[in-house]
Structures are given as structure tokens and as C-alpha cells.
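# Survey of secondary and tertiary structure
One letter stands for each residue in the lines below.
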Amino acid sequence: PCHKNLPDAIDLSHHLSKVARAREVSPLKGLQKYLGRKDIIMLAGGLPHPDLFPFEDVSASVYPPNAFPSNNSTKPSFFSWITSLFSHKGQTWEKLKIRRYAKETGDLNLAQLLQYGLSSGLPDLQKLLQEIVERIYQPAYGNWKVLIHTGNTDGWAKAIMTLCDPGDTFLTSEWTYPSAISAATPLGFKAVPIPMDNEGERSDALLVLLSTWDENVRGAPRPRVMYTVPIGQNPTGATMHLERKKEIYDICVKFGSLDVIIVEDDPYFFLQEGLYTPRQDRVMHKDVSNEAFLASLCSELPQPPISIDYQGRVLRLDSFSKTIAPGSRLGWFTCNALFAERLERQSETSTQAPSGFTQGLLTALLLNWKFDGYVRWLRGLRAQYTERRDLCIDLFHEFFELQEQSPGVKGTPYNGYLKSRSPEALNYWAEKFDDEVKQRPVISFVPPTSGMFLWLQINFDDHPSFNRLGRRALENRICTEFAEAGVLVGPGFIFSPRLSDSEEDGPGHVRLSFSNADVRVQFRPSREECLFVAELASESERYQDVVSQIKFIV
Ligand code: PMP
Ligand code: PLP
């Protein structure tokens, strides 16, 4: 795809690693154009005969795009809880079927999907992804390319091998996604943390870090790659707004040949829930059109940096993990043509391409839904996760007295004080804090506006065991106690790129993901209410599993 009136990416070849430069183009490449031609007998590759694949067809029943309402209910109630139990029942499914040999021209062929194919992806899938990038992200340079990968974990591993040599450093935020570090460390790529605020990486701190970097003092070259999760950051939930993105982008451009490539790992782009409003003030969201939804993702809320990337220096990673299913193992790079070509060579010798089943089913799904259907699906997801986010924060209101740090300013952090009328919280926290300390906040957090995570800061200075145990051990102990009580959360220290450092001061943290919470967590129905639902449900055999769920709750 090319925007004719946009200039191509600048030459960024000085960023390719030794390994990336050394990859050779397959000597068979010249023959690739013959792949897929009907009139040719393929004897060149080690191709198994497609008649010998044991699959005659693959079919699936899938939700229609409007399976979930696109505006969220404001106050989860007993009735929305019941509706959620019944929501899968009586659903009309759309049927997808892929045959070994398609009946109609234009349909997908299992014989092709399960055969060796191009690392860049099934051409039909390529087209659909290009449409998403073109219509939603709108890259600001001409020669961008789309290349599939098996999820952002794979995408990042490939990106860093293409950009870094052993001994190199890369920038990341001071709290970051642990797998990103684990992928880099054993290869000899060292993470350099950038201090964060509520919007993620601080541009002023980045500028100081880059302009004062002394290789002799640091014992390593200046970072040339920045890993960032710009929206609903993992683990802090922070979301970066356009102005900050531009500042960071300009800093990355600024240093001439010591410039920085931005690898944007953005799995939560479509899960932008917006500002949290306390339950009593919440009003029903107005349903919006697809166009208004997309505009809200890209203007009101943060834009993907790729749309400000006029030089082609952002390597963007998209994933279907959070919008379709993580087990699909499918995502894609959007980047300049030079990087895309090197990444394709890398895929050819590792994953080759994501599984043909996955490519086939996702392509069939998106062809069935079409672009507008997919956007409608994303609107439903946004409403679902907004409800879950709200639910999670509502629960904190129940157990803590929450006060905004800057009252009246939307999106400011909350401080949570112990509330005498919540015995559960008191039982847990009260034995840990003396009376005087109870007047100070026990927890604080910024209500997340995107993604799946709530990053809870715990006031450790007032914790009686802090001096003895230190931060890491205390986080571990709190998480173990939570787990014993039936809730698994992540201790903050695992999200530090400085895992090996013995930095033991500062507040404690735990990461909660609200994505997997549902109305049942908040709503504890009475026995009578459960019996009522059980009676309702047992009228029909179809509702047997609902009955068993209710028994479990009773
Ligand atoms: N190794 C050898 C010796 C092969 O012949 C082939 C297939 N032509 C491969 C590896 C590639 O195997 P796979 O499809 O499992 O990646
Ligand atoms: N990157 C970030 C920031 C994530 O939070 C996650 C999932 O939790 C991933 C990548 C993994 O993505 P994928 O399933 O696409 O490999």
C-alpha cells in the first residue's frame, strides 16, 4: 500500500543489527512469483500433497459483530448478572466453513491454508490488515508494510533481534511488561528504565538520559531502541496522550545518527474505556456510530504514534490476543519497507508464518464481519471492559474511603483511606496499621482509562513489617495472603526492569487485571434470589449449566 502523496520513510538502515544484515535472501525467491499459479506443477519445494491432509473442512460458529451491546450498563445489577449468565443462550451464530477446495472463487481453500505459504501472510489476510492500518492508524509516510507475526511476544522478540546487537541497550519504562525484558536479557540487550508519571514515560527524563549518556561511565552504548506500551500500559495502566507522544517522537528524531527507533507494543489500543466516573454520577453512555468510535480512539483519546511518524521510525506491534483470542497467536507488524523485508527473512527461518488454521479462521471471520463489523465488535468489547473496569473500581469504593488527590480534576489519582464500615478490609488492614496511621492513605491508584490493569500503590512506610522485610518480600507476602484468600494478583517487583537491583525503598505495588472480573464478583445474590434464578433456569434443559453455576454461588 502506498499513500502517493506522502514521502517514503527515511533511510534507517544504520539501525539494523549484525544478525539482521547477515540474513540472506533465499535463492529460491525468484521462483516465488510462480507460487499459487494454477497452471503450474510444483515440484520445487518439499510440499506434502494437499489430498493427504486429514482435514476435509474446518467450520466454526461465531458471534455476529453486534453480539455485545455497544453501550455499557451503568450500574451492574441483579438483572444484568442474570442476563450475563444467559447471554450465550439463544445466541444466533454466524457459520464459517472452509473447504479443502473452495466451491466458489474467492472463498478460502484449506488446501492452500494448510500448505507452506508466504511468511508475510495469506494475501487475503494481508489485505484486511492493510485496511485496518490505513483506515484506523493512518501512517504518516508512504512505504509502510504489514507483516504478520504470532502475537506481540513474537513480534517484539523479532524486532529486537533485528535492531540490537549483544551489549546494546534499549529504553523502557521504569515499570514494564516482564516478558519484554525476559526476551531481551539473555541475548545481551540491556534495559534502561525511563522514569514514568501518570502518562507513562516522561519526555523530560528521556531527554536528560539521552543527552547526558556517557558510554564510559555507563559501560554500554547509548540506547537506540525504545520499547513502549503507549495505551493501558502493562502493568501501570498508564495511557500516553498525543502531546507527550509528539515530545518523545521529536526527542527520538533529534540526535542525528544517534536517533532512536520506537517499538510500539500496543495490544490495548481498542480497549480505551475512557475516564472513570464514580457509580452514583455515572450516566448511560450514548451509543455512538463506528465513525464516532474510531474518531474517539484517535482524537479525543491518544493517537497511535504511527500516525505522527513521518519518518518511518515506529515499528508497531498489533495483536489479536485482546480483541479476538490470545490462543489465536496472530498479530502483525506495521513498519517501513526496509525493516519489513528483514523481518520477513527472519520469519522465514523461525515461525515461517502463524498456523494456517489460525490464518484461515481469522481471515474467514473478518471477511464475514467486514471492516465495519469488526469495528462494531470492538465497540462491544470496549463496553464490556468499561463495565469490568467500573466494577473493579466500584469495589474499592466499597472498602476504602476514596478521595481524589486533586478534587474535581478528572483522572487524578485516588487515595484510599480505611473505612470503618467495611469489616473485610478492616480485618485485613487494621491489624497491620496502628490507629494514627489509619488516618493516612493505605492505598492509592490512578483509575485506568485503557487496557486491563489497575496498578495499586500500597503505603509501605507505615507498614509494621516493612523495615524488617523490605519491599520485595512484603509485596510477596501480601500477594500470598491475597492468594490464600482466593485472589491472585501480581507483586509489583516483577514488573521492574531492575529485578536484580536491591532497591528496597518506595511504596509497594500490586497489579490487578480487571479484565477477568465479572458482575458475579460484585453481586452476591441472596439465597432467595438464587433459587428464583434456578427455578427460571431449570424450566429448560438448555439452561442446565446456568443451574450448576448458581449452585456453585449458593
Ligand atoms: N527441516 C527439513 C530437513 C525439511 O525438509 C523441512 C521441510 N521442507 C523443514 C525442516 C521445515 O519444517 P517445518 O515445516 O516443520 O518448519
Ligand atoms: N505486550 C504486552 C504489553 C502485553 O500486555 C501482552 C499480554 O499480556 C503481550 C504483549 C502479549 O501479547 P501476545 O499475546 O500478542 O503475544
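Given the structure is predicted, the values throughout are model-derived calculations rather than measurements.

Looking only at helices and strands, the protein features 18 helices and 17 strands. Per-residue burial for the protein yields a buried fraction of 38% across its 554 residues. Summarising the internal contacts of the protein: among those between residues at least 6 apart in sequence, 76% fall at separations of at least 24.

Tracing the backbone through its elements, the reader meets Ser-513 in strand β17 (residues 508-513). Separated by 450 residues in the primary sequence, Ser-513 and Tyr-63 have C-alpha atoms spaced 25 Å apart. Setting aside its immediate chain neighbours within four residues, Ser-513 contacts Met-452 and Phe-453.

Around ligand 2, the neighbouring residues are Gly-151, Asn-152, Thr-153, Tyr-177, Val-229, Asn-234, Asp-265, Pro-267, Ser-319, Ser-321, Pro-326 and Gly-331. In terms of residue class, the shell around ligand 2 is built from 4 nonpolar, 7 polar and 1 charged.

Attention now goes to the environment of Glu-475. Mapping Glu-475 onto the fold places it in helix α15 (residues 471-484). Sequence-wise, Glu-475 and Gly-490 are 15 residues apart; in three dimensions their C-alpha atoms are separated by 8.9 Å. Not counting residues within four places of it along the chain, the set of residues in contact with Glu-475 comprises Pro-491, Gly-492, Phe-493, Gly-508, His-509 and Val-510.

Once that is clear, we can look at helix α12 (residues 356-399). The end-to-end C-alpha distance of α12, which contains 44 residues, comes to just 49 Å, noticeably less than the 64 Å that a straight helix rising 1.5 Å per residue would cover. Maximum bend of α12: about 100 degrees, positioned at Lys-370.

Right, let's get into the sheet that holds strand β12 (residues 400-404). In a beta sheet, neighbouring strands pair by backbone hydrogen bonds and run either parallel or antiparallel. Within the open sheet, the 6 strands sit side by side as β12-β13-β14-β15-β17-β16. Their pairing is antiparallel. Both outer strands of the open sheet, β12 and β16 (490-491), are each paired with one neighbouring strand and no more. Examined bridge by bridge, strand β13 (residues 414-418) and strand β14 (residues 443-445) share 3 bridges and lie antiparallel to one another. Bridged to Gly-416 within β14 is Ile-443.

The next subject is helix α11 (residues 337-348). Under the 1.5 Å per step criterion, the end-to-end length of α11 is 16 Å for 12 residues, consistent within 8% with the ideal 16 Å. Listed in full, the buried residues belonging to α11 are Leu-338, Phe-339, Arg-342, Leu-343, Glu-344, Gln-346 and Ser-347. Structurally, α11 contributes buried residues whose contacts are with α1 (18-22), β3 (144-149), α5 (152-163), β10 (314-319) and β11 (331-336).

What follows deals with the packing of helix α4 (residues 123-137) against α12. Each packed pair of helices is defined by two parameters, the angle between the axes and the distance between the axes. Where α4 contacts α12, the axes come no closer than 9 Å and their chain directions differ by 50 degrees. Here α4 lies oblique to α12, going by the angle between them. Crossing geometry of α4 relative to α12 is assigned as left-handed. Listed contacts from α12 to Asp-124, Leu-125, Leu-128, Glu-131 and Arg-135 of α4 are Gln-359, Leu-362, Thr-363, Leu-366, Leu-367 and Phe-371. Of the residues belonging to the contact of α4 with α12, the class tally is 6 nonpolar, 2 polar and 3 charged.

With that settled, the discussion passes to the packing of helix α7 (residues 203-211) against helix α9 (residues 242-254). Look at α7 against α9: their axes get within 9 Å of each other, and the N-to-C directions meet at 10 degrees. Regarding the angle of α7 to α9, the classification is roughly parallel. Packed against α7, whose contacting residues are Ser-203, Leu-206, Leu-207 and Leu-210, the element α9 presents Arg-244, Glu-247, Ile-248 and Ile-251 at the interface. Of the residues that constitute the contact of α7 with α9, the class distribution is 5 nonpolar, 1 polar and 2 charged.

Here the focus is the nonpolar core. Among the nonpolar cores identified, the biggest contains 99 residues, and Ile-160, Phe-170, Val-225, Met-226 and Val-263 are the most heavily contacted of them. If you tally residues by element for this core, the top one is α12, at 12 residues. In this structure Met-226 touches Phe-170, Leu-171, Cys-252, Val-260, Ile-262 and Val-263, once residues within four positions along its chain are discounted.

What follows is about the pairing of β10. Among the 6 residues in β10, 6 count as buried, and that is most of the element. Of the two faces of β10, both are covered, the one formed by Val-314, Arg-316 and Asp-318 as well as the one formed by Leu-315, Leu-317 and Ser-319. Taken together, the 4 bridges between strand β9 (residues 261-265) and β10 define a ladder with parallel strand orientation. Residue pairing for β10: Asp-265 is matched across the bridge by Leu-317. Looking at chain direction, β10 and β11 are connected through 4 bridges and run antiparallel. Along β11, the bridge assignment pairs Leu-317 with Phe-333.

Once that is clear, we can look at the confidence of the model for the protein. When pLDDT is low, close inspection of the predicted coordinates is not appropriate. A residue-level look at the protein finds 82% of positions with pLDDT of 70 or above and a mean pLDDT of 86. Confidence drops under pLDDT 50 across residues 550-554; counting only partners more than four residues distant or on other chains, this segment forms 9 contacts. Among the prediction metrics, the complex's ipTM stands at 0.75, with pTM recorded as 0.89.

Cut-offs applied
- Residues numbered from 1 in each chain as written.
- Chains lettered and ligands numbered in written order.
- Predicted model: local features only at pLDDT ≥ 70, side-chain atom pairs only at ≥ 80, totals over all residues.
- Helix = DSSP H or I, 4+ residues; strand = E, 2+ residues; numbered from the N terminus.
- Buried ≥ 20, exposed ≤ 12 C-beta atoms within 10 Å, placed from the backbone.
- Contact = placed C-beta atoms within 7 Å.
- Near = placed C-beta within 6 Å.
- Nonpolar A, V, L, I, M, F, W, Y, C, P; charged D, E, K, R; others polar.
- Expected span 1.5 Å × (residues − 1).
- Bend = angle between axes of the 7 residues up to and from the residue.
- Pairing = 2+ DSSP bridges.
- Axes fitted to C-alpha atoms, helices over the stretch in contact; angles between N-to-C directions.
- Parallel < 35°, antiparallel > 145°, perpendicular 65-115°, else oblique.
- Left-handed = near helix turned anticlockwise from the far one by under 90°.
- Core = buried A, V, L, I, M, F, W, Y, C linked by C-beta atoms within 7 Å.
- pLDDT = per-residue confidence, 0-100.

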